[in-house]
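# Descriptive structure summary
The lines below spell out each chain.
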Protein chains: 2
Amino acid sequence: MPLMKSWVASANSADTPFPLNNLPYGVFSTAEKSRSLGVAIGDQILDLRGLADAGISAFDALIAGDGPNPFQQTTWNAFMALGSDVWTAFRTTMQQLLAEGATDAGKVSPHLVPQADAQLHMPFDVTEYTDFYAGKNHAMNVGTMFRGPENALPPNWLHIPIGYNGRASSVVVSGTDVQRPWGQLKGPNDDAPRWAPSARFDIELEMGAIVGAPSTGPISVNQADANIFGYVLLNDWSARDIQAWEYQPLGPFQAKATATTISPWIVTAAALAPFRCATPAREKELLPHLRDTGPMLFDIDLEVTLTPAGSTPSTIARTNYNEMYYSAAQQLAHHTTSGCPMRVGDLLGSGTISGPEKENRGSLLELSWGGKEPLTLETGETRSFIEDGDTLTLHGAAKGDGFQVGFGPCTGTILPAATDPFKG
Amino acid sequence: MPLMKSWVASANSADTPFPLNNLPYGVFSTAEKSRSLGVAIGDQILDLRGLADAGISAFDALIAGDGPNPFQQTTWNAFMALGSDVWTAFRTTMQQLLAEGATDAGKVSPHLVPQADAQLHMPFDVTEYTDFYAGKNHAMNVGTMFRGPENALPPNWLHIPIGYNGRASSVVVSGTDVQRPWGQLKGPNDDAPRWAPSARFDIELEMGAIVGAPSTGPISVNQADANIFGYVLLNDWSARDIQAWEYQPLGPFQAKATATTISPWIVTAAALAPFRCATPAREKELLPHLRDTGPMLFDIDLEVTLTPAGSTPSTIARTNYNEMYYSAAQQLAHHTTSGCPMRVGDLLGSGTISGPEKENRGSLLELSWGGKEPLTLETGETRSFIEDGDTLTLHGAAKGDGFQVGFGPCTGTILPAATDPFKG
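Residue numbers here run from 1 along each chain, matching the order of that chain's written sequence. The naming scheme follows written order: chains are lettered A onward, ligands numbered 1 onward. Given that this is a predicted model, residues contribute local features only at a pLDDT of at least 70 and side-chain atom pairs are listed and counted only at 80 or more, while totals for whole chains, interfaces and linings are drawn from all residues. Side-chain metrics rest on all non-hydrogen atoms present in the structure, leaving aside hydrogens and water.

Applicable threshold: UniProt positions are given in the numbering used here, feature names are shortened, and annotations may be inferred rather than shown by experiment.
An unreviewed UniProt entry lists chain A under the name fumarylacetoacetase, with Yoonia rhodophyticola given as the organism. UniProt, in its Pathway (unreviewed entry) section for chain A, records the words "Amino-acid degradation; L-phenylalanine degradation; acetoacetate and fumarate from L-phenylalanine: step 6/6."

In structure tokens form, the structure reads like this:
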């Protein structure tokens, strides 16, 4: 698929993450405008609240139905709830209005806002958040460190996408500072657990899949794929020292509850469709209800940069979403097997995406092998885990022929731990 | 504390769960009335939406502020969000209006609805749901069965209230039927996992604590105690065969996602205050931020009955909430240590409440020792786990001098599994 040309000149560059092929959905505000839904195009944002006043019949027809106008809301949840026919109609309309030669360009252009002037907010309310553990290289690496190589991969791992429920209240949008957490932890040389700031604070490079259609019983992998509205980059910040002490037998809890950062633009499943690819060969045949029924992963290049305070970024990992063993559709299908109701706005983290080589690892835990092999940055500094003031950024883009479908950065800066919240 | 007398005659019985001392909060509807907030008193419900038309100045003063009228909503979330001063003022007003000799009794009485005519609904929207594992007898019993007696209690267990995030979308109100789930499971004699209905479906007898005030950073045990609005009975239905296969290493997931049933009336922390009691002696001293600062458990008698289809109830367990090792306040404080934001409507399950003796065990897993020692019901039938058509009911009441503060039943009937959702 080639670049689709737009009358917004900046959208026609091979370098923009947001050509007409993409059209991701976000929520923005400016000095003049309160929060509004927007669609990114090149270096601009199309203001959808403003567009309602433009007298464009194709756009007005989208919101002619009963119920609250989705484009007067401050998140995309109400739009998602309208269902996939509306998702398709809206995307088609946006592509028509923004395409090179569009007759309504003159009516649309007054509602473009430069991204440089906008602040981005959470694009949707996270209803519930689930995090998976579905990248095999990551599971092998972490399992080896936590339980030894013989027990690295649990017996269930090749049969179900292992997941646990996370904390929706902790999900924040890119650009939100993250304060180093306190917690109870017990190092290998400690006689007893201590209350201390985490000394092994880490990232997890993940993709997040957003459930756009509800379900109330078990659904097939195909139905699950159809229910996914779009994708974001997701950094599941993790306090490894808290995690190591707390996670047996019921899984991670406070180690993962400080923050999870998502990129601000929802890249739709429709925009990613040209980049579909298959999951890897199955080492054990899956039970029928979880089997792949087509290419349901996506070929998305991913990268992590670490920028020490006042310094320059170093790329510390490069990998691809196609390294996952399970697709988001398989994860969502598994999530519903027990009858678990799924709702609009549920967010599913893929699990850390690590490739086969050391430089493909999606967490510092893996990159520094638990701190035993500190990483050397391009500036010469070293890192085992995150230090105060470090900015960690995930980058992601699917690469087409002369264009890309990008996500925009997913970034956060680590603030020093507070003084002991229980003293003084 | 003695019985507080009401002009509602049925509220003065030693047997009613809902004397004036209690005044729990629910949501009801009748053939004539759509969902409305209500307060239980004896065998009646005081309709708060109706009461707004009664011209009672003390009640009208409660809702004089800005913002939406909480008594025009269909859940208690908006009321909770008004904060603890309003919680106190409302309870005081209700006790005055319903007390023996109340001058406004004539204005109030037209707004009483017989409980027999009402259907009860979810009393609040569950924002997020967390389940703990904080009863020591239960942890020892289950740990012994899953991991052997040497590894029964994980090393962290005496230092932190172990918890995991559950699934808010699966929480239902008492009386909702629960369908036996399908799932992936692998028995000890299976070569490979199978897709099958759960054959070891179980209950967990718990108390649920409802967060009524939000927090954004670590809070003390005292603050946590103050933030808890009230309590419900909670049955955390559990598919033991799914759980055994899936739970390593990230904890229970689909095994606990079919349903969690809560009792329909929120019994406030204020109503339970006379029944406060201490946690048991500490086997290891807790770190300062988790230490008990006063009696924060409650002396609440608990009971489980099992009623086979078309048969009579058998009591299968009797225990008390005072068997917990950690209070809900300690659980909530721990929940916030990493900075995890807590929101109005968050629900915290205590973990299964088992006493020291066999008849005090709060799950069939424990009562039948994993199916090895089937239980004999009063009818002569036996049970290892739940059979189709069984109705499981939790009962709970704090016992005062000539009165009780009760919860009303927390009940659910198990429907047979659906035909294979992925066949035909």
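This is not the end of the story, as more comes after the structure.
## Description of the interface of chain A and chain B
As a reminder, the rule being used: Should any heavy atoms of two residues lie within 4.5 Å, those residues are counted as being in contact. What counts as buried area is the accessible surface, traced by a 1.4 Å probe, that two parts surrender upon association, with contributions from both included. Salt bridges, as used here, are contacts in which a Lys or Arg side-chain nitrogen is within 4 Å of a carboxyl oxygen on Asp or Glu. Numbering of helices and strands starts at the N terminus; helices are DSSP runs of H or I of at least 4 residues and strands are runs of E of at least 2. Charged means Asp, Glu, Lys or Arg here, nonpolar means Ala, Val, Leu, Ile, Met, Phe, Trp, Tyr, Cys or Pro, and polar covers whatever is left, Gly included.
With 56 residues of chain A at the interface, the matching set in chain B holds 56 residues. Carbon and sulfur atoms make up 61% of the surface buried where chain A meets chain B, a total of about 5,200 Å² over both sides. Among the residues chain A hides against chain B, the three largest losses belong to A:Arg167, A:Leu250 and A:Phe253. Together they make up 16% of the total. At the boundary of chain A and chain B, one finds four salt bridges. Between A:Asp346 and B:Arg167 there is a salt bridge whose closest N-O contact spans 2.5 Å. Per element, the largest residue contribution to the side of chain A that touches chain B is three residues, and it comes from strand β7 (residues 163–165) of chain A. Across the side of chain A that touches chain B, the residue classes break down as 28 nonpolar, 21 polar and seven charged.

## Points about helix α10 (residues 328–335) of chain A
Residue and element names in this part refer to chain A. Here is the rule we go by: Buried, partly exposed and exposed residues are distinguished by accessible area as a fraction of the type maximum, computed with a 1.4 Å probe on protein chains only: under 20%, between the cut-offs, and over 50%, respectively.
When you tally the buried positions in α10, you get eight out of eight residues, the bulk of the element. Regarding α10, the residues found buried are Ala328, Ala329, Gln330, Gln331, Leu332, Ala333, His334 and His335. Lining the buried residues of α10 we find β6 (129–132), β7, β13 (205–211), α7 (221–227), β14 (228–235) and β22 (347–349).

## Overview of the relation of the copies chain A and chain B
The condition is simple: A least-squares fit on C-alpha atoms brings the copies together, and the residues used are those whose pLDDT is at least 70 in both copies.
Superposing chain A onto chain B requires a rotation of 180° together with a translation of 0.0 Å along the rotation axis, leaving an RMSD of 0.0 Å. On this basis, the relationship between the two copies can be described by a two-fold rotation axis. Within chain A, the C-alpha atom positioned nearest to the axis of rotation is that of A:Gly251, 2.3 Å from it. Taken together, the interface assignments show that 100% of the residues at the interface of chain A recur at the interface of chain B, consistent with an identical surface on both copies.

## A closer look at the sheet that holds strand β5 (residues 119–121) of chain B
Residues and elements named next belong to chain B. Worth spelling out the cut-off: A pair of strands counts as paired when DSSP detects no fewer than two bridges linking them. Angles run from 0 to 180 degrees between N-to-C directions of axes, and those axes are lines fitted to C-alpha atoms, restricted for helices to the stretch in contact.
With antiparallel pairing, five strands are arranged side by side in an open sheet as β4-β3-β2-β1-β5. What marks the edges here is a single partner per strand, and that holds for β4 (112–114) and β5. Strand after strand, the sheet turns through a mean of 50° between neighbouring axes, direction not considered. Note that strand β1 (residues 25–29) and strand β2 (residues 36–41) share four bridges and pair antiparallel.

## Here we look at the UniProt feature "domain: Fumarylacetoacetase N-terminal" (unreviewed entry) in chain A
UniProt's feature table lists "domain: Fumarylacetoacetase N-terminal" (unreviewed entry) at residues 21–123 of chain A, given in the numbering used throughout. Across residues 21–123 of chain A, the secondary structure splits into 32% helix and 20% strand, with the terminal C-alpha atoms separated by 20 Å.

## Observations regarding the environment of A:Phe385
Here A:Phe385 is to be found in the loop between β24 (382–383) and β25 (391–399). For A:Phe385, the contacting residues outside a window of four places in its chain are A:Ala199, A:Arg200, A:Phe201, A:Asp202, A:Arg240, A:Leu364, A:Leu365, A:Ser368, A:Gly370 and A:Gly371.

## Focus: the pattern of salt bridges
Per the counting criterion, the structure on display carries 44 salt bridges over all chains. Its salt-bridge partner being B:Arg318, residue B:Glu303 comes within 3.8 Å of it at the nearest N-O pair. Of this pair, B:Glu303 sits in strand β20 (residues 301–307) while B:Arg318 sits in strand β21 (residues 314–320), and the two are 15 residues apart along the sequence. B:Glu303 gets classed as partly exposed once you look at its relative accessible area, which sits at 24%. Residues participating in the shared-partner salt-bridge network are A:Asp202, A:Glu204, A:Asp236, A:Arg240 and A:Lys256.

## Focus: the pairing of β6(A)
Residue and element names in this part refer to chain A. Residues of β6 alternate between two faces, with Tyr129 and Asp131 on one and Thr130 and Phe132 on the opposite face, all of them buried. Where β6 meets β7, three bridges bridge the pair, whose relative direction is antiparallel. Within the sheet, the bridge partner assigned to Phe132 lies in β7 and is Gly163.

## A look at the packing of aromatic side chains
The way to describe two aromatic rings as a pair is by their centre distance and the angle between their planes. All names here are of chain B. Operational definition: Aromatic rings from Phe, Tyr and Trp, with only the six-membered ring used for Trp, were paired whenever their centres fell within 6.5 Å, and each pair was classed as stacked if the ring planes differed by under 30 degrees, edge-to-face if by over 60, and tilted otherwise.
All chains considered together, the criterion is met by 50 aromatic pairs over all chains. Centroid distance Trp87 to Phe229: 4.9 Å. Interplanar angle 80°. Geometry classified as edge-to-face. Note that Trp87 is positioned in helix α4 (residues 84–98) and Phe229 in strand β14 (residues 228–235), a separation of 142 residues in sequence. Residue Trp87 is classed as buried on the basis of its relative accessible area of 11%.

## A word on the pairing of strand β3 (residues 44–47) of chain B
Within a regular strand, the side chains alternate between the two sheet faces. All names here are of chain B. Residues Gln44 and Leu46 line one face of β3 and the alternating positions Ile45 and Asp47 line the opposite face, and both faces are buried. Pairing analysis gives four bridges linking β2 to β3, with the strands arranged antiparallel. Across the sheet, residue Ala40 finds its bridge partner in β3, namely Ile45. Turn length for the β2-β3 hairpin, with the two strands adjacent in sequence and antiparallel, is two residues, and the turn residue Gly42 shows positive phi of about 55°. Of the pairings in the sheet, the one linking β3 to β4 comprises three bridges and is antiparallel in character. Of the residues in β4, the one forming a bridge with Gln44 is Pro114.

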